[in-house]
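As a plain string of letters, each chain reads:
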Amino acid sequence: MKFTKMHGIGNDYIYVNGFKETVMNPSEAAKRLSDRHFGVGGDGLILIQPSEKADFKMEMYNSDGSLGAMCGNGIRCVGKYVYDYGLTDQTRVSVETKSGIKFLDLTVKQGKVSQVEVDMGEPVLKPESVPVSLEGDSVIDREFTLGEKKYRITCVSMGNPHCVVPVENVQELEIEKMGPLFEHHSLFPDRVNTEFIRVLDRENVQMRVWERGSGETLACGTGACAVAVACVLNGWTQEQITVHLLGGELKIRWDREKNRVFMTGPAQTVFEGEIDLERFLD
């Protein structure tokens, strides 16, 4: 099986061209291939497949083998892959995901995609749709007690569930301890991605993320979108912000008139490889 290792500001995945390759057990393959010591290494596996609804289909598996709904950094790399490897010559493409069809605008420099803007769609705030087990029309700046500490949480779905949590010090946060407590809390029936943030000013937010199924990652595109929405709803920032993550920066814009969130950021190819997947999984 041929594969390509790619990343969007450090959120790295193993990409496979489903037009040419067949992965028989993608869940197990994702777990084994993602291992950074005994496999290729990555936050998961993404298959680029044919689609009856869009130009392409993105099938995403987290590093624990679970099927993911959407990945903002991952889908930018899908856009780069399909253009750079000649699957399309268009600079605007549609990609089917588990959370709907997303539209990508590709910036091409010297024949290669350098940056991608993604229309990430509408943010979802209804608790039952996020999902989060709380009453009301939305969960905005709601008090949440975890252990002996109280937090203020805002919950948003961007095709997958997010819980945005302001903290005093993002850098010194014990995220390996706090992340799993949020992810597996009974408040979140489908588990949750948790964004720990500090608002720097009206245009900049610092963020670390604990992703369900992957642990801490260097970046999360849907998480950055959820953060932008949460910041606007709480009156902390303007509608267009820069989110500063461990792996780099993302530009996020929430067009409230159209109620759509746009994410812009880079996509990079790291290396190509080939593996006897049947023997590897044996």
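What you see is a predicted model; the values in this text were computed from it and never measured.

About the thresholds
Residues numbered from 1 in each chain as written. Predicted model: local features only at pLDDT ≥ 70, side-chain atom pairs only at ≥ 80, totals over all residues. Heavy atoms only, no water. Core = buried A, V, L, I, M, F, W, Y, C linked by side-chain atoms within 4.5 Å. Buried < 20%, exposed > 50% of the residue type's maximum accessible area, 1.4 Å probe, protein only. Helix = DSSP H or I, 4+ residues; strand = E, 2+ residues; numbered from the N terminus. Contact = heavy atoms within 4.5 Å. Arc of directions from axis to C-beta. Pairing = 2+ DSSP bridges. Right-handed = clockwise from strand over helix to strand, strands pointing away. Salt bridge = Lys/Arg side-chain N within 4 Å of Asp/Glu carboxyl O. Patch = residues over 30% accessible without salt bridge, like charges linked within 9 Å, V, L, I, M, F, W, Y side chains within 5 Å. Areas by Shrake-Rupley, 256 points an atom, 1.4 Å probe, with all protein chains shown as cover. Lys, Arg positive; Asp, Glu negative; His and termini not counted. Charge placed at Lys NZ, Arg CZ, Asp CG, Glu CD. Polar contact = N/O pair within 3.5 Å; in protein donor to acceptor, adjacent residues only side chain to side chain. Expected span 1.5 Å × (residues − 1). Phe/Tyr/Trp six-rings, centres within 6.5 Å; stacked < 30°, edge-to-face > 60°. Lys NZ or Arg CZ within 6 Å of the ring centre and 35° of its normal.

Novice: Account for the nonpolar core, naming residues and giving values.
Specialist: The biggest cluster of nonpolar side chains holds 52 residues, and the ones touching the most others in it are Tyr 15, Met 207 and Ile 252. Counting residues per element, this core draws most heavily on helix H4 (residues 221-233), at 9 residues. When residues no more than four places from it in sequence are discounted, the contact partners of Met 207 are Val 170, Glu 195, Phe 196, Ile 197, Cys 220, Gly 223, Ala 224, Val 227, Val 243, His 244, Leu 245 and Leu 246. Phe 144, Cys 163, Phe 182 and Val 192 belong to the second-largest nonpolar core, a separate cluster that totals 21 residues.

Novice: Explain helix H1 (residues 26-34) to me, and be specific about the residues and the numbers.
Specialist: Along H1, the residues that are buried comprise Pro 26, Ala 29, Ala 30, Leu 33 and Ser 34. Down the axis of H1, the smallest arc covering the buried residues is 110°, so these residues share one side.

Novice: Mind laying out the pairing of strand S12 (residues 193-201), listing which residues take part and the relevant values?
Specialist: Here is the key point about a regular strand: its side chains alternate between the two faces of the sheet. Of the pairings in the sheet, the one linking strand S11 (residues 161-166) to S12 comprises 5 bridges and is parallel in character. When the sheet's bridge partners are listed, Pro 166 is paired in S12 with Ile 197. Once you follow S11 into helix H3 (residues 175-183) and on to S12, the crossover reads as right-handed. Between S12 and the antiparallel strand that follows it, strand S13 (residues 204-211), lie 2 residues.

Novice: Provide a residue-level description of the pattern of salt bridges, including the pertinent values.
Specialist: Here the structure, examined in full by the defined rule, presents 16 salt bridges. Two residues, Glu 28 and Arg 32, come together in a salt bridge whose shortest N-O distance is 4.0 Å. With Glu 28 and Arg 32 both in helix H1 and 4 residues apart, this pair spans about one turn of that helix. Of the residues examined, Glu 28 reaches a relative accessible area of 26% and is grouped as partly exposed. The network of salt bridges with common partners includes Lys 5, Asp 12, Arg 36 and Asp 43.

Novice: Go over a negative patch on the surface with me, naming the residues and quoting the values.
Specialist: A grouping of Glu 274, Asp 276, Glu 278 and Asp 282 is seen on the molecular surface, where their side chains present a negatively charged patch. Following the sequence through the fold, Glu 278 ends up in helix H5 (residues 277-281).

Novice: Any chance you could break down the side chain of His 7 for me, citing the residues and the numbers?
Specialist: As for its placement among the helices and strands, His 7 is situated in strand S1 (residues 2-8). Of the polar contacts made by the side chain of His 7, one reaches the backbone nitrogen of Gly 10; its length is 2.9 Å. In terms of polar contacts, His 7 uses its side chain to reach the side chain of Gln 268, at 2.8 Å. The contact partners of His 7, leaving out residues within four places of it in the chain, are Asp 12, Cys 77, Ala 267, Gln 268 and Val 270.

Novice: Could you give an account of unusual backbone geometry, naming the residues involved and the relevant values?
Specialist: In this structure, the amide linkage connecting Val 130 to the following residue, Pro 131, adopts the cis form with an omega of -5°. Turning to its location among the elements, Pro 131 is positioned in the loop between strand S8 (112-121) and strand S9 (142-146). Even without glycine at this site, Arg 191 takes up a positive phi of about 65°. Inspection of the secondary structure assignment puts Arg 191 in the loop between H3 and S12. Given a relative accessible area of 24%, Arg 191 falls into the partly exposed group. Unlike most non-glycine residues, Asn 259 shows phi in positive territory, near 55°. With respect to the helices and strands, Asn 259 occurs in the loop between strand S16 (248-255) and strand S17 (260-266). The exposure class of Asn 259 is partly exposed, given its relative accessible area of 26%.

Novice: Give me helix H2 (residues 72-84): which residues, what numbers.
Specialist: Quick reminder: α-helices carry 3.6 residues per turn. Residues three or four places apart thus point the same way. Helix length check: H2 (13 residues) gives 19 Å between terminal C-alpha atoms against 18 Å at 1.5 Å per residue, within 8%. At the exit of H2 stands Gly 86, carrying a positive phi of roughly 75°.

Novice: Would you mind going over the packing of aromatic side chains in detail, with residue names and values included?
Specialist: Counted according to the given criterion, the structure contains 8 aromatic pairs. Measuring from ring centre to ring centre gives 6.5 Å for Tyr 13 and Tyr 15, while their planes differ by 75°; the resulting arrangement is edge-to-face. Here the two residues Tyr 13 and Tyr 15 agree in accessibility, since each one is buried. Aromatic pair Phe 182 and Phe 196: ring centres 5.6 Å apart, planes at 85°, arrangement edge-to-face. Highlighted residues: Phe 182 in helix H3 and Phe 196 in strand S12, separated in sequence by 14 residues. With respect to class, Phe 182 is no different from Phe 196; both count as buried. Through pairs of rings, three or more aromatic residues link up here, namely Phe 144, Tyr 151, Phe 182, Phe 188 and Phe 196. One cation-aromatic arrangement involves Arg 32 over Phe 280; the distance from NZ or CZ to the ring centre is 5.1 Å.

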